[in-house]
Amino acid sequence: MSETKTTKQPESAQDGTDKQERRLNMIEAINDALDIAMKRDPDVIVMGEDVGYFGGVFRCTAGLQEKHGKTRVFDTPISECGIIAVAVGMGAYGLRPVPEIQFADYIYPGLDQLISEAARLRYRSAAEYIAPITVRSPFGGGIFGGQTHSQSPEAIFTHVSGLKTVIPSTPYDAKGLLLSAIEDNDPVIFFEPKRIYNGPFSGYYDKPVEPWKRHKDSVVPEDYYKIPLGKARHVTEGDELTILAYGTMVHVAEAVCAKKGVAADILDLRTLVPLDIEAIEESVKRTGRCLIVHEATRTSGFGAELSALVTERCFYHLEAPVERATGFDTPYPHSLEWAYFPGPIRIGEAIDKILSE
């Protein structure tokens, strides 16, 4: 686990005073990061289903083929195992491929290549070969994608030694984290919460969508910058309880606390592996209470690992048991999506429970 500390967005990125900064949504920020990475390093390759001429199903790679050519941005067959296998070979021979898996639900055919090959290559070759690949994939629900377009499989990858798992929650973080991931010499799984591609989500699905460009975290510098992997972000500071979240659920948790008037210390983990365990310890030891929120199913979700770590490291500081608000142990439903989604009601109930103990 990482021993790094929390980091905050630079002041210039918060207030937008730097004339080099502009407001982007997450799709634009990811596209910007890929463009910059390809300009800086001719070994960076973008590949995947429909990422070339079409620009990706969510348009994250739009315009890149025209800028960088068909040999560096190209479409692949519909074969996830083939996409990852080719990327591993490219990485071993000195390239830095960024394969896209169109939806995280389709990543499973590539698990053998990711787990048995990419994650083990450095170890089994005594560092003679590495697999510097960054696998991008949209994940999570909230868009009525049903059971095959809404899954959150991040916990599977956090279990694998040799893989890093990154999940941004803002455009600013998406760009900085993606550049760090591409330049990392180890394989990185970069999950992009598709529910917040175009704007943050409060969890109140019946309310109008807020575009990113009205949000403070949409300010993204034009130039190159990186956010180191393994550093959490303080979203809000408070002393009533600690909330650990990532991706879409960061915004839902923040909205619930604001509505309930709860002074929560909300940590956006940003990277699950490496994990900023020091930031978690510092927060929980100060507040004495901890709520973990994620959209993935509850059993063996990453929240279980977080709960174990908090209990092991902060037991004598806890004033109440660690609580979790998560998805259910079911396939992701289509017609009952908002019943599955850990929204404001369930998160609010969890907050009330933990504060009453």
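See the structure shown above.
All chains use their own residue numbering, which begins from 1 and follows the written sequence. Note on the predicted model: pLDDT of at least 70 is required for a residue's local features to be given, and 80 or more for side-chain atom pairs to be given and counted; whole-chain, interface and lining totals, by contrast, use all residues. Excluded from the side-chain calculation are hydrogens and water; included are all heavy atoms of the structure.

**Quick notes on the sheet that holds strand β10 (residues 241–245)**
Here is step 1 of the chain: Paired strands are those between which DSSP finds at least two bridges. Secondary structure elements follow DSSP: runs of H or I of four or more residues count as helices, runs of E of two or more count as strands, with numbering from the N terminus. Strand order in the open sheet formed by five strands is β9-β11-β10-β13-β14, and the pairing between neighbours is mixed. Both edges of this open sheet fall to β9 (233–236) and β14 (323–327), since each of them pairs with a single strand only. For this sheet the average axis-to-axis angle between neighbouring strands, irrespective of direction, equals 25 degrees.
Here is step 2 of the chain: Bridging between β9 and strand β11 (residues 264–268) involves three bridges; their strand directions are antiparallel. Paired with H234 across the bridge in β11 is L267.
Here is step 3 of the chain: Across the sheet, helix α10 (residues 277–287) is in contact with β9, β10, β11 and β13 (290–297); its angle to β11 comes to roughly 170 degrees. For helices, the axis comes from a line fit to the C-alpha atoms of the stretch in contact; other axes are also lines fit to C-alpha atoms, and the angle between any two N-to-C directions lies between 0 and 180 degrees. The contact criterion used is simple: two residues touch if any of their non-hydrogen atoms lie within 4.5 Å.

**Some words on the nonpolar core**
Here is step 1 of the chain: Judged by nonpolar contacts, the single largest core of 60 residues is most densely connected at I30, L34, I243, L291, V293, I347 and I351.
Here is step 2 of the chain: Residue contributions to this core peak at nine residues, all from helix α2 (residues 26–40).
Here is step 3 of the chain: Here I30 is in contact with C60, R136, A174, L178, E192 and Y197, once residues within four sequence places are set aside.
Here is step 4 of the chain: For this analysis, a nonpolar core means a set of buried residues of the types Ala, Val, Leu, Ile, Met, Phe, Trp, Tyr and Cys, connected via side-chain atoms within 4.5 Å. Summary of the burial criterion: residues with accessible area below 20% of their type's maximum are buried, those above 50% are exposed, and those between are partly exposed, where the area comes from a 1.4 Å probe applied to protein chains only. Formed by 46 residues, the second largest nonpolar core is a distinct cluster that contains A119, A131, V135 and A232.

**Some points on the packing of helix α9 (residues 248–260) against helix α13 (residues 344–356)**
Here is step 1 of the chain: Put simply, α9 and α13 touch, their axes get as near as 10 Å, and they point 60 degrees apart. In terms of their interaxial angle, α9 and α13 are classed as oblique. Crossing of α9 over α13 shows right-handed handedness. Residues M249, V252, A253, V256, C257 and K260 of α9 touch α13, and the partners they reach there are P344, I347, G348, I351 and D352.
Here is step 2 of the chain: When the residues that make up the contact of α9 with α13 are grouped by side-chain class, the tally is eight nonpolar, one polar and two charged. Angle categories: roughly parallel below 35 degrees, roughly antiparallel above 145, roughly perpendicular from 65 to 115, and oblique for all the rest. Take the far helix as your reference; a near helix turned counterclockwise from it by less than a right angle gives a left-handed crossing, and one turned clockwise gives a right-handed crossing. Residues are sorted three ways: Asp, Glu, Lys and Arg are charged, Ala, Val, Leu, Ile, Met, Phe, Trp, Tyr, Cys and Pro are nonpolar, and all the rest, Gly among them, are polar.

**Thoughts on helix α4 (residues 80–92)**
Here is step 1 of the chain: How far a helix is expected to stretch is found by multiplying one less than its residue total by 1.5 Å. With 13 residues, α4 should reach 18 Å at 1.5 Å per residue; the first-to-last C-alpha distance of 19 Å fits that figure.
Here is step 2 of the chain: For α4, the full list of buried residues reads E80, I83, I84, A87, V88, M90 and G91. The buried side chains of α4 occupy one side of the element, clustering within an arc of 165 degrees when seen end-on.
Here is step 3 of the chain: Summarising the contacts, the buried residues of α4 are in contact with β2 (44–48), β3 (73–75), β4 (96–100), α5 (111–118) and β5 (134–139).
Here is step 4 of the chain: A positive phi of about 105 degrees marks G94, the residue just after α4. The arc in question is formed by the directions pointing from the helix axis toward the C-beta atoms.

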